[in-house]
Amino acid sequence: MPIESSQLPVGKRVSYFFGNLALRGVLGLAGLVPYRWRIPAMGRLVSSLGPIAGFDRRVRENLALTCPELPQDEVTRLCREVGDNAGRMITELYAGAPFIDRAKAAPISGPGLQALEDARAAGRPVILVTGHFGNYDAARAGLISRGFSMGALYRRMANPYFNSHYVRAMSRVGTPMFEQGKRGMVEMVRHLKKGGIIAIVADLHVHGGELIDFFGKPAVTSTVPAELALKYGAALIPVYAIRQDNGLDFEILLNAEIPASDAVTMTKSICDDLETVVRRHMGQWFWIHRRWKPYLPEVRTSKAQPDTPNTEE
């Protein structure tokens, strides 16, 4: 991803510049509306734009591939819910304190909570794995508020104008932030070696990853979280922030620690765990992204020193 706008072709630079201005304008105007009305309003806006922006087409394609048994009225309902959750999620990230306060108030449950507490008491590193589900930043904010200081791995956005304020918004939830790449990997590993906690979103198509079933279809998936857990003796724990029926609050769920075995088996467990949660809340997963796109396998040179995954939406 480009670091500076000057590295872009002129046409792309202009497109990104005005696209960022439009988004910032919408978010700025939304910020004038009280939080309890702002979040559902932006959810409805993004949901209503789904057919125009091509989101509905992507949702329908993914559901036709993985859940062909779903009736069309259910598919249509999911198109609206997926867009609504996406709109709420981005607006919440930019809301600052009101969102963080909601996340702090979220109840935390699941067998993984005890595993997390045990790891912290023992000074053992932890890798929290999640997906594009609910609002994963709510889980991060909720756990940080309870003393679980953690870093997070993020992927630089293609639009450099948007990326700068996007990273600032994420940093308000908690730091440190590790940008995907060699430098970010070095910093993240250093954090793990000190017994730190990191959070990784693990459900993107990744060049050089392994073919692992997700919703019954092979999806190219990074094994790096599992490799890091094995290499540094970290607890590998799935975590989710499940949006509640009022659309504003969350429940933070930590599922059982993934047993140490080998990287592929552990990654399969991560995918299975996420699929189980998504099937209970289908409209909260980001069915818009290209999770099952075609790929060409790449030879990985070393399992001992895994590269940072090159993720693509």
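Residues numbered from 1 in each chain as written. Predicted model: local features only at pLDDT ≥ 70, side-chain atom pairs only at ≥ 80, totals over all residues. Heavy atoms only, no water.

## Details of the overall build of the chain
Put simply, the rule is: Secondary structure elements follow DSSP: runs of H or I no shorter than four residues count as helices, runs of E no shorter than two count as strands, and numbering proceeds from the N terminus. This radius of gyration counts C-alpha atoms alone. The globule rule is 2.2 Å times how many residues there are, raised to the power 0.38. Burial classes follow relative accessibility: with a 1.4 Å probe on protein chains only, a residue under 20% of its type's maximum area counts as buried, one over 50% as exposed, and anything between as partly exposed. Throughout, a residue-residue contact means that at least one pair of heavy atoms, one from each residue, lies within 4.5 Å. Note on areas: Shrake-Rupley with a 1.4 Å probe; residue coverage comes only from the protein chains shown. Only four residue types enter the tally: Lys and Arg on the positive side, Asp and Glu on the negative side, with His and both chain ends excluded. To locate a charge, take atom NZ for lysine, CZ for arginine, CG for aspartate or CD for glutamate.
Looking only at helices and strands, the chain has eleven helices and eleven strands in total. Taken against the 2.2 N^0.38 rule, which gives 20 Å for 313 residues, the C-alpha radius of gyration of the chain at 19 Å falls within 12% of a compact globule. With respect to the principal axes defined by its C-alpha atoms, the chain has extents near 50 × 45 × 45 Å. The 313 residues of the chain split such that 53% are buried. Considering only contacts within the chain whose residues lie at least 6 apart along the sequence, 77% involve residues at least 24 apart. About 14,300 Å² of surface is accessible on the chain, with carbon and sulfur atoms providing 57% of the total. Charge centroids of the chain, computed over 38 positive and 31 negative side chains, lie 7 Å from each other.

## Describing unusual backbone geometry
Here the bond from threonine 175 into proline 176 is cis, since omega is 5°, no more than 30 degrees from zero. Topologically, proline 176 is positioned in the loop between helix H8 (160-173) and strand E4 (177-179). In this structure, phenylalanine 215 is a non-glycine residue whose phi angle is positive, near 55°. Mapped onto the elements of the fold, phenylalanine 215 is located in the loop between strand E7 (210-214) and strand E8 (217-221). Note on phenylalanine 215: relative accessible area 3%, which makes it buried.

## Overview of the pairing of strand E9 (residues 235-243)
Under the convention used in this document: Two strands qualify as a pair provided that DSSP identifies no fewer than 2 bridges between them.
Most of E9 sits inside the fold, with nine of its nine residues counted as buried. Of the two faces of E9, the one carrying Ala235, Ile237, Val239, Ala241 and Arg243 and the one carrying Leu236, Pro238, Tyr240 and Ile242 are both buried. Pairing of strand E2 (residues 126-130) with E9, which is carried by four bridges, proceeds in the parallel orientation. What sits directly across from valine 126, in E9, is alanine 235. Both E9 and strand E10 (residues 250-254) contribute to a ladder of five bridges, which runs antiparallel. Bridge assignment links alanine 241 to a residue of E10, and that residue is isoleucine 252.

## Here's the deal with the pattern of salt bridges
Worth spelling out the cut-off: By definition, a salt bridge exists where a carboxyl oxygen of Asp or Glu is found within 4 Å of a side-chain nitrogen of Lys or Arg.
Applying the stated rule across the entire model yields eleven salt bridges. The partner of aspartate 84 in a salt bridge is arginine 88, with the nearest N and O atoms 2.6 Å apart. Linking aspartate 84 with arginine 88, this pair stays in helix H4 (residues 72-95), spanning four residues, or about one helical turn. Note on aspartate 84: relative accessible area 18%, which makes it buried. Arginine 124 is paired through a salt bridge with glutamate 257; the nearest N and O atoms lie 3.2 Å apart. In this pair, arginine 124 sits in the loop between helix H6 (112-122) and E2 while glutamate 257 sits in the loop between E10 and helix H11 (263-280), placing the two residues 133 residues apart along the sequence. Look at arginine 124 and you get partly exposed, because its relative accessible area is 30%. You can call glutamate 257 partly exposed: its relative accessible area is 30%. Through salt bridges with shared partners, a single ionic network connects Glu74, Arg77 and Glu81.

## Re the side chain of arginine 291
Selection rule: The definition of a polar contact used here is a pair of N or O atoms within 3.5 Å, where within protein one atom must be able to donate a hydrogen and the other to accept one, and adjacent residues in sequence count solely through side-chain atom pairs.
Within the fold, arginine 291 resides in the loop between H11 and strand E11 (310-312). An unpaired buried charge is present at arginine 291: no salt bridge exists, and aspartate 203, the closest side chain of opposite charge, is 5.8 Å distant. For arginine 291, the side chain forms a polar contact with the main-chain oxygen of aspartate 203, separated by 2.9 Å. Here valine 220 takes part through its backbone oxygen, which lies 2.9 Å from a polar atom of the side chain of arginine 291. Those residues in contact with arginine 291 that sit more than four places away from it in its chain are Asp203, Leu204, His205, Phe214, Ala219, Val220, Thr221 and Trp285.

## Things to note about a nonpolar patch on the surface
Applied cut-off: What goes into a patch is any residue over 30% in relative accessible area without a salt bridge, connected to like charges within 9 Å or, for nonpolar side chains (Val, Leu, Ile, Met, Phe, Trp, Tyr), within 5 Å.
Taken together, Val14, Phe17, Phe18 and Leu21 make up a surface patch of nonpolar side chains, about 370 Å² in accessible area. Among the secondary structure elements, phenylalanine 18 is positioned in helix H1 (residues 10-30). Relative accessible area serves as the criterion here: at 52%, phenylalanine 18 is assigned to the exposed category.

## Comments concerning the layout of surface pockets
The following threshold applies: Cavity and pocket criteria rest on a 1 Å grid covering protein atoms alone: a 1.4 Å probe that fits but cannot get out defines a cavity, protein on both sides within 12 Å along at least 5 of 7 lines defines an open pocket, and an atom within 4 Å of a point defines a lining residue. Grid points are joined across faces, edges and corners, and a volume is the space filled by probe spheres set on the points. In the scheme used here, Gly and all other residues not listed as nonpolar or charged are polar, with Ala, Val, Leu, Ile, Met, Phe, Trp, Tyr, Cys and Pro taken as nonpolar and Asp, Glu, Lys and Arg as charged.
Reported here for the second largest pocket is a volume of approximately 300 Å³. What lines the second largest pocket is a set of 14 residues, and nearest its centre among them are Glu81, Arg243, Gln244, Asp245 and Gln284. At the level of secondary structure, the elements contributing two or more residues to the lining of the second largest pocket comprise H4 and E9. Sort the elements by how many residues they give to the lining of the second largest pocket and H4 lands first, with four residues. Grouping the constituent residues of the lining of the second largest pocket by class yields two nonpolar, six polar and six charged.

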